[in-house]
Amino acid sequence: MSLISQPDPPPSGAVLAKLHAINSQHGYLPEKDFRLAANELGVPLSKLYSVATFYSAFSFKPRGQHTIHICMGTACYIKGGERLLEKLESTLGIKEGETTEDGMFSIETVHCLGSCSMSPVMRVDEETYGRLKVDRISRILKQYRPSEADEEPRGDQGV
Amino acid sequence: MKIRTLSEIEKLRDIGLSFLYPQRPRISVGMATCGLAAGAAAVFDALSEEADRLGFDFTPVSTGCIGYCRQEPLVDVRMPDLGRILYAQMTPERARDLMGALSVGELPAEHALASIPEEGSDVSKCSAVSSGLPSIDQLPFYAHQHKIILRNSGLIDPCSIEEYVARGGFDSLGRALLKLSPQDVIDEITQSGLRGRGGAGFPTGKKWNACRHAAPKPRYVICNADEGDPGAYMDRTVLESDPYSIIEGMIIGGYAIGSNKGFVYVRDEYPLAIERIQHGIDRSKEVGLLGDDILGSGFDFSVEIVRGAGAFVCGEETALIASIEGGSGEPRPRPPYPAEKGLWGRPTTINNVKTWASVSAIVAKGAEWYSSIGTKGNAGTVVFSLVGKVANTGLVEVPLGLTLKEMIEGIGNGGLDGKVVKAVQTGGPSGGCLPAGLFHLPIDYESLTQAGSIMGSGGMVVMDEDTCMVDVARYFLNFTMEESCGKCTPCREGTQYMYGILTRIVEGRGTPEDVVLLEEIGNWVKASSLCGLGQTASNPVLSTLRYFRDEYDAHVREKRCPAGVCRALIQLSITPELCNGCGLCKRECPVGAIQGEKKEPHSIDAKLCTRCRTCYDICPQGAVKIVR
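Residues numbered from 1 in each chain as written. Chains lettered and ligands numbered in written order. Predicted model: local features only at pLDDT ≥ 70, side-chain atom pairs only at ≥ 80, totals over all residues.

### Quick look at the overall build of chain B
Then, in step 1: Helices and strands together make up the secondary structure of chain B, namely 26 helices and 20 strands.
Then, in step 2: Taken over the C-alpha trace, chain B has a radius of gyration of 26 Å; the compact-globule value for 628 residues is 25 Å, and the two agree within 12%.
Then, in step 3: With respect to the three principal axes, the spread of C-alpha positions in chain B is 75 × 65 × 40 Å.
Then, in step 4: Classification of the 628 residues of chain B by burial places 57% in the buried group.
Then, in step 5: Counting contacts in chain B only where the partners sit at least 6 residues apart, residues at least 24 apart contribute 72% of the total. (Helix = DSSP H or I, 4+ residues; strand = E, 2+ residues; numbered from the N terminus. Rg over C-alpha atoms; globule rule 2.2 N^0.38 Å. Buried ≥ 20, exposed ≤ 12 C-beta atoms within 10 Å, placed from the backbone. Contact = placed C-beta atoms within 7 Å.)

In structure tokens:
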């Protein structure tokens, strides 16, 4: 028998599921929701914080309306993924991990999107664009800016 | 409809057969993530819209991936009286043309890749076939392939349990639960010679046996779908294209080891895979193939999904377990192995997606059938993702023992754009780079390990003369450095040191002593790290040092990058005679380093240029030169 009673740990998968739920609702983990989650799960705040910061899917900073993931998998890397990133950074005027001032776009790199046969690829929200060349970047971004959405419709990968 | 007996499965089979082989045209579009990235959704919409316009009646199906990704978007057209043809590289416009031909009863030859023969069907009336269209198994890409894990991928609607059953699905489950004892199932898997397909190749039957004879219930079953190796996407494909094959394998595994609860841990970057496997679990519950008293056998089993959160190390089994338990994904020392003390300290069987998909094929057809495929000690098939600088990219399932040459030159059709293939990288960040001189090696666990690489989960990234091997080594070290969980010192510190040295070398600041030090630290990290991530982190460095030492020497001694990649060691220039002044490079240069008037030869300002090679990549005239 232990002298100090310990609460049962949350059930299998519950911690990640809770963090995902908050993250997908707000695009990040707001402090208020995060503290509440620690209470609900019966996990010390410090422990939950250590878990949340371990995983790259969670962020404590608000993200833009659209998150752009540039794939840095091996196939994408050797086929010019880095150049896509540079083009994107210079076009949007932000660096990887940052959000544009108007709150429209965030750029993140990801270690592999698993679309290696279509390399290089990038994903905007849930839409994956494959066989990319830098000259398609501006066209794709325009689809996500409402005022400029006069070119190819979203989802048309333009192949 | 609830399935309680084997004969009730037959009802599902009949429905499935009527879906797969309907009396009206069936048109399937490959819509796994790779197909979608190539524009499959627009093709699907164009087909439907044009059919509406023409009043053409057909069954549209969204399938998974048939593997030949190079040819995506792929459209599989089955006309009941005419035959079945696979169309490649479709666009919305081509899809409309295709629909126009179909509506007048014709299977056109334009963009046809191959015919798909069906038993009992007569294709002699099909003009495309009679004019010499090969059948799919005659294409060099498919000629060596033997599909077990990918048996249904791209051929069935992944959301249709009926179609899965129609192709023999749940036959294994019926045999396991109703005819075999749990120990019989383990023996069958042991005798089949199946080895874990996640990379390490541990005998699956042995693992199950250890788990069954560990502590009493509760025990757990886990499907490791945290496919983190960059350059590998076969697990995603199976999850998206044939989720029931995984679920069936897990139920059989649960029965064999005596567990009633399974988890599928899927990486966060695979939203479509999560959606499809969730659908498969829900539907299996609905028909009673998951839940209590499955097929009246008295055996209960349920499956839940845990969504990962972007940590590569969670592919390591003990880290994955820590992650399901709600902690950070940090590995712990083994032994004890999960078979003894796994999830919540209970006996746990954890296998890769492809292993589970193999199990569901093996039990119905028997151990003897499976062990007859492949070579001695390396039974069965393995799926590779053949990607990078190779002409034919895609997923390839072959019996173990095929040579690298047969894979890269035969199936892959050699380099991209006629370039010379220099190396192949297997096994992701834990693997190594093998030079073209070793392409005679057979692909099996032992041969690749001996050569300094590993089989790994099956990523095969082809590299050509334009790939710098030192830069590739640095790329992988950056990867493992970032993904190191930080728990043990050799991995945490060692990868940083190695990355630092490699950075010096690619920036032209390296010395010959650096290369020696790099090798020394590499061996040290390999020998003393806690888990597989650290123990194998040096492999990309050590294998490139072993086979491409000349490239390291060129960097440190001559300050030259032979492949023309490392930015500090190259210059870019435009050949005026070749430049027609189209302005594309000027527009796309990320730093505005290119000047020139329209229709006049352009030039690059070396002071502003970051040597990113964007201009080199996009110049339609080939006027940009790399000065090494």
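### Regarding the overall build of chain A
Then, in step 1: Broken down by element type, chain A carries six helices and four strands.
Then, in step 2: Reading chain A from its N terminus to its C terminus gives the helix and strand order α-α-α-β-α-α-β-β-β-α.
Then, in step 3: Whereas a compact globule of 159 residues would reach a radius of gyration of roughly 15 Å, chain A reaches 19 Å, over 25% beyond that.
Then, in step 4: For the C-alpha atoms alone, the extent of chain A along its principal axes is close to 65 × 35 × 25 Å.
Then, in step 5: Across the 159 residues in chain A, those meeting the buried criterion constitute 40%.

### Structural notes on the nonpolar core
Generally speaking, a soluble globular protein has its nonpolar side chains buried in company with each other.
Residues and elements named next belong to chain B.
Then, in step 1: Val-43, Tyr-87, Ile-246 and Tyr-265 are the most contacted members of the largest nonpolar core, which has 226 residues in total.
Then, in step 2: Top contributing element to this core by residue count: helix α12 (residues 243-257), with nine residues.
Then, in step 3: Setting aside chain neighbours within four positions, we find Val-43 in contact with Val-29, Pro-73, Val-75, Met-90, Thr-91, Pro-92 and Ala-95.
Then, in step 4: By size, the runner-up hydrophobic cluster in this structure holds 13 residues, among which are Cys-589, Ile-604, Tyr-616 and Cys-619. (Core = buried A, V, L, I, M, F, W, Y, C linked by C-beta atoms within 7 Å.)

### As for the interface of chain A and chain B
Many authors give the size of an interface as the accessible area that is lost as the parts come together.
Then, in step 1: Taken together, the contact pairs 48 residues of chain A with 58 residues of chain B.
Then, in step 2: The residue inventory of the side of chain A that touches chain B, partitioned by class, reads 22 nonpolar, 18 polar and eight charged. (Nonpolar A, V, L, I, M, F, W, Y, C, P; charged D, E, K, R; others polar.)

### Observations concerning the sheet that holds strand β12 (residues 381-388) of chain B
Residues and elements named next belong to chain B.
Then, in step 1: Pairing is mixed across the open sheet formed by five strands, whose spatial order is β13-β12-β16-β14-β15. Looking at which strands have only one partner, the edges of the open sheet turn out to be β13 (394-399) and β15 (432-435). Mean inter-strand twist for the sheet, computed between neighbouring axes without regard to direction, equals 30 degrees.
Then, in step 2: As paired elements, β12 and β13 share six bridges and run antiparallel to each other. Among the inter-strand pairings, Val-383 is bridged to a residue of β13, identified as Glu-397. (Pairing = 2+ DSSP bridges. Axes fitted to C-alpha atoms, helices over the stretch in contact; angles between N-to-C directions.)

### With respect to the pairing of strand β4 (residues 83-87) of chain B
Residue and element names in this part refer to chain B.
Then, in step 1: The buried count for β4 comes to five of five residues, which makes it a mostly enclosed element.
Then, in step 2: Pairing of strand β3 (residues 75-79) with β4, which is carried by five bridges, proceeds in the antiparallel orientation. Bridged to Val-75 within β4 is Tyr-87.
Then, in step 3: The loop that links β3 with its antiparallel partner β4 comprises three residues.
Then, in step 4: Relative to strand β5 (residues 112-115), β4 is paired through three bridges, and the arrangement is antiparallel. Bridged to Ile-85 within β5 is Ser-115.

### Side note on the environment of Lys79(A)
Residue and element names in this part refer to chain A.
Then, in step 1: Along the polypeptide, Lys-79 turns up in the loop between α4 (74-78) and α5 (81-92).
Then, in step 2: Assessed through the 26 C-beta atoms surrounding it within 10 Å, Lys-79 is described here as buried.
Then, in step 3: For Lys-79 and Ser-59, which are 20 residues apart along the polypeptide, the C-alpha to C-alpha distance reads 29 Å.
Then, in step 4: Look past the residues within four positions of Lys-79 in its chain and what remains in contact with it is Ser-119 and Pro-120.

### Focus on the packing of helix α21 (residues 512-528) of chain B against helix α24 (residues 549-557) of chain B
The angle between the axes and the distance between the axes are what describe a pair of packed helices.
Residue and element names in this part refer to chain B.
Then, in step 1: Packing of α21 against α24 brings their axes to within 8 Å, and their N-to-C directions diverge by 140 degrees. As summarised for this structure, α21 and α24 are arranged oblique, according to the angle between their axes. Residue-level inspection shows Pro-512, Asp-514 and Val-515 of α21 in contact with α24, the latter providing Tyr-552, Val-556 and Arg-557. (Parallel < 35°, antiparallel > 145°, perpendicular 65-115°, else oblique.)

### A look at α5(A)
Residue and element names in this part refer to chain A.
Then, in step 1: Compared with an ideal rise of 1.5 Å per residue, which puts twelve residues at 16 Å, α5 spans 17 Å between its outermost C-alpha atoms and is within 8% of the ideal.
Then, in step 2: By the burial criterion, the buried members of α5 are Gly-81, Arg-83, Leu-84, Leu-85, Glu-86, Lys-87, Leu-88 and Leu-92.
Then, in step 3: One or two positions beyond α5, positive phi appears at Gly-93, with a value near 70 degrees. (Expected span 1.5 Å × (residues − 1).)

### Remarks on the domain arrangement of chain A
Then, in step 1: Per the domain assignment, the segments of chain A are domain 1 (14-54) and domain 2 (66-148).
Then, in step 2: With centres defined by C-alpha atoms, the gap from domain 1 of chain A to domain 2 of chain A works out at 28 Å. (Domains from an automatic or database assignment.)

### Examining the domain arrangement of chain B
Residues and elements named next belong to chain B.
Then, in step 1: Segmentation of chain B into domains returns domain 1 (18-143), domain 2 (161-370), domain 3 (378-464), domain 4 (469-557) and domain 5 (570-627).
Then, in step 2: Between the C-alpha centres of domain 1 and domain 2 there is a distance of 33 Å.
Then, in step 3: Domain 1 puts six residues into the contact, and the matching count from domain 2 is nine residues.
Then, in step 4: Taken together, the residues of the side of domain 1 that touches domain 2 break down into four nonpolar, two polar and no charged.

### Quick look at the packing of helix α8 (residues 171-179) of chain B against α12(B)
Residue and element names in this part refer to chain B.
Then, in step 1: The geometry of α8 relative to α12 is characterised by a closest axis approach of 9 Å and an angle of 10 degrees between their N-to-C directions. Here α8 lies roughly parallel to α12, going by the angle between them. Every residue of α12 that contacts α8 at Ser-172, Leu-173, Ala-176 and Leu-177 is listed here: Glu-248, Ile-251, Ile-252 and Tyr-255.
Then, in step 2: Within the contact of α8 with α12, the residues separate by chemical class into six nonpolar, one polar and one charged.

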